[in-house]
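Examination of the molecular architecture
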Number of protein chains: 2
Amino acid sequence: MEKRTAFFISDGTGITAETLGHSLLTQFEQVSFEQVALPYVNTPEKARETVERINACADAQPLLFTTLINPEIRAIITSSKGLLLDFLTTFLEPLEKTLKMKSSHRIGRMHGAQDYQTYKTRIDAVNYALNNDDGANIHNYEQADLIVIGVSRCGKTPTCLYLALQFGVFVANYPFTEDDMDHLRLPSFLQPHRAKLFGLDIDPQHLQSVRQERRPNSPYAELGQCQKEIRKVKGLFEAEQIPTVNTTGRSIEELSTIILSRMNLKRRLF
Amino acid sequence: MEKRTAFFISDGTGITAETLGHSLLTQFEQVSFEQVALPYVNTPEKARETVERINACADAQPLLFTTLINPEIRAIITSSKGLLLDFLTTFLEPLEKTLKMKSSHRIGRMHGAQDYQTYKTRIDAVNYALNNDDGANIHNYEQADLIVIGVSRCGKTPTCLYLALQFGVFVANYPFTEDDMDHLRLPSFLQPHRAKLFGLDIDPQHLQSVRQERRPNSPYAELGQCQKEIRKVKGLFEAEQIPTVNTTGRSIEELSTIILSRMNLKRRLF
């Protein structure tokens, strides 16, 4: 198998360079890539050390996935033997042309220090999600942008944490449990917040395997129990016209973006 | 102020297109951008609807920030009047050239459904972080990749949740409280896990403002109290040679990548 070294180089966290670069590399399955993350290359000295590291590499042409805005750093990295694939600067030229102006060439602020308000929005959203997880506080829903509902272990908590941490959305979640099943209805404290409700659905077999992991061989993890809870909760979602998505086989990013788009919510953080 | 419409178009979640596109737009402060997220453009029909929407736009040339791999969808979007800035396909040609092979042109898997193992790693890491938050379980540190320590409200919880959710790292956190301050030392249950410890530092003024928000005008939020706790805990970090980072003014992404890099940990998720 052919081998090639791929560097992810950034003057910041390198998260985007790594995410996008990794995605491009998966397009070339016949190559074995040695992947090296080099974040915080933010001084000419560090850039020169990076060039030495690239040039010391046995490959004819290492791959350099970068998000570099600073022209000085970028020029130093360009002087290496690697193939520069820059996710930011590549697009500045066509943008400058269509907008008929120069870009400010400020260091990428993608994941950098943010103003206090942005920081606070994020921390407040995370605290809200933690304090209002799993029905922990049913008197706090005025503040919510969104209330995610569904059976135990259908994916509510990780989805809500992602929405809070990455998008700054104020999101609570409330579970329907075994005890609710015989006379399942929308609890009175959720009724005034009906427009904020979003339901998570899940395939019974998948729910069973997740619950089995959690409490092996319990009644809770029996397929019949999973099927019953899901059937009842789906009936409630339909009767109450609550929008839903099936979590089976979907990533947390997919669920989060589907929910935002269906609920007409916008991300507060980038 | 000049106005321009920017579309973020993806056959998946569009998270990367939006993050990178947003970062590029911040380089042009003199323009007011109307930003429109269009995720899940994954059929020719949806692509044609998107083209209609782009062409109906009053701008001469709307900006299209995209992550599109599917050549059919991409061709339809290209037929619009917008300026295509594709963060993936742009780099496939130089990669194909240097690797001397064709790419597989599979739909981007950046944030798509993942194999069960990846999914499970993520959920397990999130559950581990939640169950081992704020010293909740001191008998569970064998499993940890990392244990984050510091004073109350220095940023431990959001940083740990990010490390779990985005990178799949198993991370616990443990707080030093007022009661520990008089005879501050490394607790016996942390000593066997010394190599996993990472300390969070914070500026006293910043800590005060965060605590003031939490418990206004309490002794806990007094500047003197914040100064004292930080001084003692910093002394402990130094005496025990525990690596640290100051959280003041740093984003959660910055803190997470700095910690990973200093602790020689690798992300398990992309």
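Just above sits the structure.
Definitions and cut-offs
Residues numbered from 1 in each chain as written. Chains lettered and ligands numbered in written order. Predicted model: local features only at pLDDT ≥ 70, side-chain atom pairs only at ≥ 80, totals over all residues. Heavy atoms only, no water. Salt bridge = Lys/Arg side-chain N within 4 Å of Asp/Glu carboxyl O. Buried < 20%, exposed > 50% of the residue type's maximum accessible area, 1.4 Å probe, protein only. Core = buried A, V, L, I, M, F, W, Y, C linked by side-chain atoms within 4.5 Å. Axes fitted to C-alpha atoms, helices over the stretch in contact; angles between N-to-C directions. Helix = DSSP H or I, 4+ residues; strand = E, 2+ residues; numbered from the N terminus. Parallel < 35°, antiparallel > 145°, perpendicular 65-115°, else oblique. Left-handed = near helix turned anticlockwise from the far one by under 90°. Contact = heavy atoms within 4.5 Å. Nonpolar A, V, L, I, M, F, W, Y, C, P; charged D, E, K, R; others polar. 1 Å grid on protein atoms, 1.4 Å probe; cavity = no way out; pocket = protein on both sides within 12 Å on 5 of 7 lines; lining within 4 Å. Points joined across faces, edges and corners; volume = space filled by probe spheres on them. Buried area = accessible area lost by both parts, 1.4 Å probe. Pairing = 2+ DSSP bridges. Expected span 1.5 Å × (residues − 1).

Tallying each qualifying case throughout the model produces 24 salt bridges over all chains. Here A:Glu96 and A:Lys102 are joined by a salt bridge, their closest N and O atoms 3.6 Å apart. Overall, A:Glu96 belongs to the buried group, its relative accessible area being 14%. Its relative accessible area of 66% is what places A:Lys102 among the exposed residues. When salt bridges that share partners are traced, they join A:Lys120, A:Asp124 and B:Glu213 into one network.

This next bit is on the nonpolar core. In terms of nonpolar packing, the biggest core is built from 99 residues, with A:Leu146, A:Ile149, B:Leu146, B:Ile149 and B:Phe176 touching the most fellow members. Listed in part, the 40 residues of the second largest apolar core include B:Phe28, B:Leu63, B:Leu83 and B:Leu95.

Attention shifts here to the packing of helix α2 (residues 44-55) of chain B against helix α3 (residues 71-78) of chain B. Residues and elements named next belong to chain B. Between α2 and α3, whose axes approach to 9 Å, the crossing angle comes to 15 degrees. Regarding the angle of α2 to α3, the classification is roughly parallel. Handedness of the crossing formed by α2 with α3: right-handed. In this structure, α2 contributes Pro44, Ala47, Arg48, Thr50 and Val51 to the contact, and α3 contributes Glu72, Ile73, Ile76 and Ile77. Taken together, the residues that form the contact of α2 with α3 break down as six nonpolar, one polar and two charged.

This part takes up the environment of B:Ser32. Residue and element names in this part refer to chain B. For serine 32, the position within the fold is in strand β2 (residues 31-38). We classify serine 32 as partly exposed; its relative accessible area is 27%. Sequence separation of serine 32 and tyrosine 141 is 109 residues, and the distance between their C-alpha atoms is 50 Å. The residues contacting serine 32, other than those within four sequence positions of it, are Met1, Glu2, Lys3 and Arg4.

Volume-wise, the largest pocket comes out at about 800 Å³. Taken together, 29 residues form the lining of the largest pocket, with A:Arg153, A:Arg214, B:Ile123, B:Asn127 and B:Asn131 sitting closest to its centre. At the level of secondary structure, the elements contributing two or more residues to the lining of the largest pocket comprise α6 (156-167) and α7 (204-214) of chain A together with α5 (116-131) of chain B. When residues in the lining of the largest pocket are grouped by element, the largest group, nine residues, is from α5(B). Its residues placed into classes, the lining of the largest pocket shows eleven nonpolar, nine polar and nine charged.

Facing the 81 residues of chain B at the interface are 81 residues of chain A. Taken over both partners, the interface formed by chain B and chain A buries close to 7,300 Å², and the fraction arising from carbon and sulfur atoms is 65%. In terms of surface lost to chain A, no three residues of chain B exceed B:Gln27, B:Phe28 and B:Phe91, which account for 10% of the buried area on that side. Between the two partners, chain B and chain A, sit six salt bridges.

Take the sheet that holds strand β8 (residues 244-246) of chain A next. Pairing between the strands of a sheet comes from backbone hydrogen bonds, and it takes one of two forms, parallel or antiparallel. Residue and element names in this part refer to chain A. Here four strands make up an open sheet; going across it, the order is β6-β5-β7-β8 and the pairing parallel. The strands lining the two open edges of the sheet, one partner per strand, are β6 (171-176) and β8. On average, each strand axis in the sheet is tilted by 25 degrees relative to the strand beside it, whichever way the strands run. Both strand β5 (residues 146-151) and strand β7 (residues 197-201) contribute to a ladder of three bridges, which runs parallel. Paired with valine 148 across the two strands is phenylalanine 198, which belongs to β7. Across the face of the sheet, α6 comes into contact with β5, β6 and β7 while running at roughly 175 degrees to β6. Against the sheet, helix α9 (residues 252-262) engages β5, β7 and β8, with an angle of about 160 degrees to β8.

The α-helix winds at 3.6 residues per turn, so residues separated by three or four positions along the chain end up facing the same way. Residues and elements named next belong to chain B. Between its terminal C-alpha atoms helix α6 (residues 156-167) stretches 16 Å, which fits the 16 Å expected from twelve residues at 1.5 Å a residue. A large share of α6 lies buried, amounting to twelve of its twelve residues. Every buried residue of α6 is listed here: Lys156, Thr157, Pro158, Thr159, Cys160, Leu161, Tyr162, Leu163, Ala164, Leu165, Gln166 and Phe167. Directly beyond the C-terminal end of α6, a positive phi value near 70 degrees is found at glycine 168.

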